[in-house]
Amino acid sequence: MSTILITGATSGLGRYVAFELVRSGHTVLAHGRDPRRTESLVAELRTEGAAEGFVADLASLAAVRELGARVADAHPELDVLVNNAGVGAGSPGSGREVSADGHELRLAVDYLAPVALTRALLPVLRANTPARIVNVGSVGQEPIDFDDPEFTRGYAGFAAYCRAKFALAAHTFALAEELADTGVAVNVLHPATFMDTAMVREGGVAPWSTVADGAPGVLALATQNRGTGRFFDGTSPARAHEETYDSGVRERLATLTDRLLAV
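Computed from a predicted model, the values in this text were never measured in an experiment. (Residues numbered from 1 in each chain as written. Predicted model: local features only at pLDDT ≥ 70, side-chain atom pairs only at ≥ 80, totals over all residues. Heavy atoms only, no water.)

(A) A look at the pairing of strand β2 (residues 27–32). Counted residue by residue, β2 has five buried out of six residues, so it is predominantly covered. With four bridges joining them, strand β1 (residues 3–6) and β2 adopt parallel strand pairing. Bridging from a neighbouring strand, I6 pairs with A30 of β2. As a crossover connection, the stretch from β1 through helix α1 (residues 12–23) into β2 is right-handed. Two strands pair when backbone bridges link them, and β2 and strand β3 (residues 51–55) are joined in this way by five bridges, in the parallel orientation. Each residue of the ladder has a partner; that of V28, found in β3, is A51. Since β2 and β3 lie parallel, the crossover through helix α2 (residues 35–45) that links them has a hand, and here it is right-handed. (Buried < 20%, exposed > 50% of the residue type's maximum accessible area, 1.4 Å probe, protein only. Helix = DSSP H or I, 4+ residues; strand = E, 2+ residues; numbered from the N terminus. Pairing = 2+ DSSP bridges. Right-handed = clockwise from strand over helix to strand, strands pointing away.)

Following this line, the structure appears as structure tokens:
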């Protein structure tokens, strides 16, 4: 059985997946932003199995790194990371927001946070192979504008979300190449379209599917060997945006990422 960290576990898909995993006998490390909701979730999870809560605001890179350090210290046996937490498109008509570090919020939470957390936990994951990193992405992907990566011009919430998910997919494929033959697999998936979550409802979209529809893909990648460096639509292998496979795009993204994480 695995020890699995799930970010954004207090609601939606993360919450559903956390219960499925703990019922299967895995130890679930449940991350949440709100202390009270995280504590409440862990109390519920513990009626089913082993669970522990970790609180952090992923809109702060310092908090992300501290989360990684706390998890690594408390659970050196960690072997699965599920980067699930995210910020959606925002409410209709809402404007551009920034993170604690001054980055565009969707880029910060949906891309920079999972990259920073993954980097913080890689030494532990590499020590517990076979290990797995599951990045919850989206089929909604739009290439990053490298001339305006912080989306200061012509901002739109849904486009910002799609750019962050494009970056996450491209980063996943590059990281998989970097981790080849280490025993650490990393994949990215679109769980389901417009699931019935607070994120989707906030965006003014009528849900098309349920979190139960989105869970099988996440569960499969977290608990089974499905290869590495792949994109899945649910449980089915699929193709991400074609530019995510472009080595030149990946190199520019890596340079940009290092710069943004250093700020």
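Now that the structure has been shown, we can carry on.
(B) A look at the packing of helix α4 (residues 105–127) against helix α8 (residues 247–262). Where α4 meets α8, the axes come as close as 11 Å, and the angle between the chain directions of the two elements is 85°. The angle between the axes of α4 and α8 places the two elements in the roughly perpendicular class. Contact residues: L107, Y111, L112, V115, A116 and R119 in α4; L253, T257, D258, L260 and L261 in α8. A breakdown of the residues in the contact of α4 with α8 according to their chemical character gives eight nonpolar, one polar and two charged. (Axes fitted to C-alpha atoms, helices over the stretch in contact; angles between N-to-C directions. Parallel < 35°, antiparallel > 145°, perpendicular 65-115°, else oblique. Contact = heavy atoms within 4.5 Å. Nonpolar A, V, L, I, M, F, W, Y, C, P; charged D, E, K, R; others polar.)

Any functional reading would require information beyond the geometric quantities listed.
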